[in-house]
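# Commentary on secondary and tertiary structure
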Amino acid sequence: GQQLNQSPQSMFIQEGEDVSMNCTSSSIFNTWLWYKQDPGEGPVLLIALYKAGELTSNGRLTAQFGITRKDSFLNISASIPSDVGIYFCAGGGSNYKLTFGKGTLLTVNP
Amino acid sequence: DAGVTQSPTHLIKTRGQQVTLRCSPKSGHDTVSWYQQALGQGPQFIFQYYEEEERQRGNFPDRFSGHQFPNYSSELNVNALLLGDSALYLCASSFIAGGIADTQYFGPGTRLTVL
């Protein structure tokens, strides 16, 4: 099935560093969502974006809905050990289904 | 406020068997979507139920079927299980009547292993 292009695949950073990851698509989406998934758990919604150009923050997390509606990025500032996990982007279209990226594995070294 | 719940947590079946997975949506939600997540991949959309009907379907064979009940809970059925059906099955709920159907909240998943 279709998946979004999410990069990087994995990141190894030191505690306190900032992180940036992004997602691109050949298709236009009406909604961009960012989720975090821990091993053996379901994805947890971090940020939802509904308008092109929208910039939204949730604590240390900031995400933007690209102007072209074909991309989105997620930034995490001042990373901490509990930020470890897999981050997924997801695009929502008019058909209500979500299309996911393959995920970015984040490792934070204390 | 109860979140999305799924049962069972884990399940082991053999090839050719049938399985039923269950999901209760987040309180106030009216729509349930099912996803399959293979190891190392993002979730793949199976289908979505609203008003007790399947409204969208992904690229999955007819062996995958579902149902939504009047209380909005849902079941996913898979017949004639194949080894390749081994995956984490995720249920997500949303609120179509609220106009934000894309904002989906996930349950913890059911880990299905087919031997």
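So, here's what we can say about the structure. (Residues numbered from 1 in each chain as written. Chains lettered and ligands numbered in written order. Predicted model: local features only at pLDDT ≥ 70, side-chain atom pairs only at ≥ 80, totals over all residues. Heavy atoms only, no water.)

## Points about the sheet that holds strand E8 (residues 74-78) of chain B
Residues and elements named next belong to chain B. Rules: Two strands are counted as paired when DSSP detects at least two bridges linking them. Secondary structure follows DSSP: runs of H or I at least 4 residues long count as helices, runs of E at least 2 residues long count as strands, and numbering of each begins at the N terminus. The axes used here are C-alpha line fits, helices contributing only the stretch in contact, and every angle between their N-to-C directions lies in the interval 0 to 180 degrees.
In spatial order, the strands read E1-E3-E8-E7; together these 4 strands make up an open sheet with antiparallel pairing. On the outer flanks of this sheet lie strand E1 (5-7) and strand E7 (64-68), each paired with one strand and no other. Strand-to-strand, the axes of this sheet are offset by a mean angle of 20°, without reference to chain direction. As paired strands, strand E3 (residues 19-24) and E8 are joined by 5 bridges and run antiparallel to one another. By the bridge assignment, Arg-22 is partnered in E8 with Glu-75.

## Comments concerning the pairing of strand E4 (residues 31-37) of chain B
All names here are of chain B. The condition that has to hold: The classification of residues rests on relative accessible area computed with a 1.4 Å probe and restricted to protein chains. Under 20% of the type maximum is buried, over 50% is exposed, and intermediate values are partly exposed.
By the criterion of burial, E4 is predominantly enclosed, with 7 of the 7 residues buried. Residue alternation in E4 divides its side chains into two sets, Thr-31, Ser-33, Tyr-35 and Gln-37 and Val-32, Trp-34 and Gln-36, and both sets are buried. Between E4 and strand E5 (residues 44-50), which pair antiparallel in sequence order, lie 6 residues; one of them, Gly-40, sits at a positive phi of approximately 80°.

## Quick look at the pairing of strand E3 (residues 19-24) of chain A
All names here are of chain A. Because side chains alternate across E3, one face comprises the buried residues Val-19, Met-21 and Cys-23, and the other comprises Ser-20, Asn-22 and Thr-24, none of which is buried. Two elements, strand E1 (residues 5-7) and E3, share 3 bridges in a ladder whose sense is antiparallel. Each residue of the ladder has a partner; that of Ser-7, found in E3, is Asn-22. Here E3 pairs with strand E8 (residues 71-76) via 6 bridges, running antiparallel. Counterpart to Asn-22 in the pairing with E8 is Phe-73.

## Some thoughts on the sheet that holds E1(A)
Residues and elements named next belong to chain A. Spatial strand order, E1-E3-E8-E7-E6: 5 strands in an open sheet with antiparallel pairing. Of all the strands in the sheet, the pair left with one neighbour each is E1 and strand E6 (55-58). Strand-to-strand twist across the sheet, computed as the mean angle between neighbouring axes with direction ignored, equals 15°.

## Comments concerning the nonpolar core
For the record, the criterion: Nonpolar cores are built from buried Ala, Val, Leu, Ile, Met, Phe, Trp, Tyr and Cys residues. Side-chain atoms within 4.5 Å join them into one set. We call two residues contacting when some pair of their heavy atoms lies within 4.5 Å.
Judged by nonpolar contacts, the single largest core of 21 residues is most densely connected at Trp32(A), Trp34(A), Leu74(A) and Leu106(A). Apart from the residues within four sequence positions on either side, Leu106(A) is in contact with Met11(A), Ile13(A), Val19(A), Ile76(A), Asp83(A), Val84(A), Gly85(A) and Tyr87(A). Core analysis: the next-biggest nonpolar cluster, separate from the first, contains 20 residues, Val19(B), Leu21(B), Cys23(B) and Leu76(B) among them.

## A few points about the state of the cysteines
The condition is simple: To count as a disulfide, a pair of cysteine sulfur atoms needs to be within 2.5 Å.
Overall, the coordinates contain 2 disulfides over all chains when judged by the stated rule. Across the disulfide from Cys23(A) sits Cys89(A); the S-S distance is 1.7 Å. Of this pair, Cys23(A) sits in strand E3 while Cys89(A) sits in strand E9 (residues 85-92), and the two are 66 residues apart along the sequence. Note on cysteine connectivity: Cys23(B) is disulfide-linked to Cys91(B), with sulfurs 1.8 Å apart.

## A word on the interface of chain A and chain B
What counts, and what does not: For any pair of parts, buried area is found by adding up, for both, the accessible area (1.4 Å probe) each one loses once the two are put together. Under the rule applied, a polar contact is a pair of N or O atoms within 3.5 Å (in protein, one hydrogen donor and one hydrogen acceptor; residues adjacent in sequence only if both atoms are side-chain atoms). Residue polarity follows a fixed list, in which Ala, Val, Leu, Ile, Met, Phe, Trp, Tyr, Cys and Pro are nonpolar, Asp, Glu, Lys and Arg are charged, and the others, Gly among them, are polar.
Each partner contributes to the interface: chain A provides 24 residues, whereas chain B provides 23 residues. Both sides of the chain A and chain B interface together cover about 1900 Å² of buried area, and 53% of this is carbon and sulfur. There are 5 residue pairs in polar contact (both at pLDDT 80 or more) connecting chain A and chain B. Taken together, the elements giving at least two residues each to the side of chain A that touches chain B come down to strand E4 (31-37), strand E5 (44-49), E9 and strand E10 (98-100) of chain A. If you tally residues by element for the side of chain A that touches chain B, the top one is E4(A), at 4 residues. Split into classes, the residues belonging to the side of chain A that touches chain B amount to 10 nonpolar, 11 polar and 3 charged.

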